[in-house]
Amino acid sequence: MTDEQAQLKQDAGEYAVRFVKSGMVVGLGHGTTAIFAIRRLAERIEDGRLTDILGVPCSLQVAKDARALGIPLTTLNDHPVVDVTIDGADEVDPWCDVIKGGGGALLREKIVAQATRREVIVVDPSKLSESLGAQWAVPVEVVSFGWQTQIGFLESMGANVEVRYTESGNLLKTDQGNLILDCDFGPMHEPSTIAATLASRAGIVEHGLFLGLVDDVIVAEPDGIRHLRAGRGRYDRV
C-alpha cells in the first residue's frame, strides 16, 4: 500500500462517519479502510459530538479494536436492526454490488449488512471496476468437513480456486473456524446466478458477493471525495 493509497483510505473512512448520528446502532466493518472510520467514530464519542452510540463489530479483531478505542459494543441478538454500517470492499461495480471477504470476515460482514438500514462502503479508486471479478476473486467460506470436495465443484463452475493460507503456511481459519477458498471466475456478467449456485451447495457457508446490499459508496480520490449512491443500474452522483 502506497502512502497515497493509505491517505485515500483514511479520507474515505473518516468521511463516512458523517452518516452516524447520536443514538444509533452502528455496524463496525473489518479491514484497512473501515478501521479509519472506527477511529474517527471513537474520536467523536470521546469529544461528545456523538452520544449513545452502540457498535456491532463484524469480526473478533474489530471488537478488540473498538473496545480499546472506547466504543460501547452490543450484539445483533440485543439490537437486531443496525442503523448504519461502514465497511470496506475489495471490488465495487457500477451497480453498487461488491465483492468482500479479502480480510476473511465475509460471513459476519454479510450478517450485519443484511440487518442494516444503510450500508455504506468506503474505498479508494483502485476498488472500482466495470464488472465484479475483473480484479478480485470471490472468497467462498466452507466448513472444514470434506472441504476439498468443494474445490472440484467450484472448478466445475468455471473458477480457478486457491486455498487461503496464513502467512505462517497454515490453513486460514475464520472467526467461525471455517476455511476460505478464493475463486477467480473472471469478469462476471451475471453474478446473481453464481451467487445462487454457491448458496445452494451444502458445505458452502457463505460467499463474498454482496448483491443488493449496499446503499452508498464513498470513494476518496486525489482531488476529493465522490459520494455515489445505488441508482437504476448505474451510480448516481450525489
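The model shown is predicted, which means the values in this text are computed figures rather than measured ones. (Residues numbered from 1 in each chain as written. Predicted model: local features only at pLDDT ≥ 70, side-chain atom pairs only at ≥ 80, totals over all residues. Heavy atoms only, no water.)

Caption draft 1: Spotlight on the sheet that holds strand S5 (residues 98-99). With respect to topology, 3 strands assemble into an open sheet ordered S4-S5-S11, the strand pairing being antiparallel. The open sheet has two edge strands with one neighbour each: strand S4 (91-92) and strand S11 (209-210). Pairing of S4 with S5 involves 2 bridges; the strand directions are antiparallel. When the sheet's bridge partners are listed, Val92 is paired in S5 with Val98. (Pairing = 2+ DSSP bridges. Helix = DSSP H or I, 4+ residues; strand = E, 2+ residues; numbered from the N terminus.)

Caption draft 2: Representation of the environment of Ala6 within the structure. Its place among the elements puts Ala6 in helix H1 (residues 3-16). Each C-alpha atom of the pair Ala6 and Asp124 lies 8.8 Å from the other, and the pair is 118 residues apart in sequence.

Caption draft 3: The pattern of salt bridges, seen in detail. Going through the model one piece at a time under the given rule, you end up with 12 salt bridges. Here Asp182 and Arg164 are joined by a salt bridge, their closest N and O atoms 2.7 Å apart. Here the residue Asp182 occupies a position in strand S9 (residues 179-184), and Arg164 occupies one in the loop between strand S8 (160-163) and S9, the gap between them amounting to 18 residues. This pair shows no difference in class: Asp182 is buried, exactly as Arg164 is. Here the residues in one salt-bridge network are Glu14, Arg40 and Glu43, joined through shared partners. (Salt bridge = Lys/Arg side-chain N within 4 Å of Asp/Glu carboxyl O. Buried < 20%, exposed > 50% of the residue type's maximum accessible area, 1.4 Å probe, protein only.)

On their own, these measurements won't tell you what the molecule is for.
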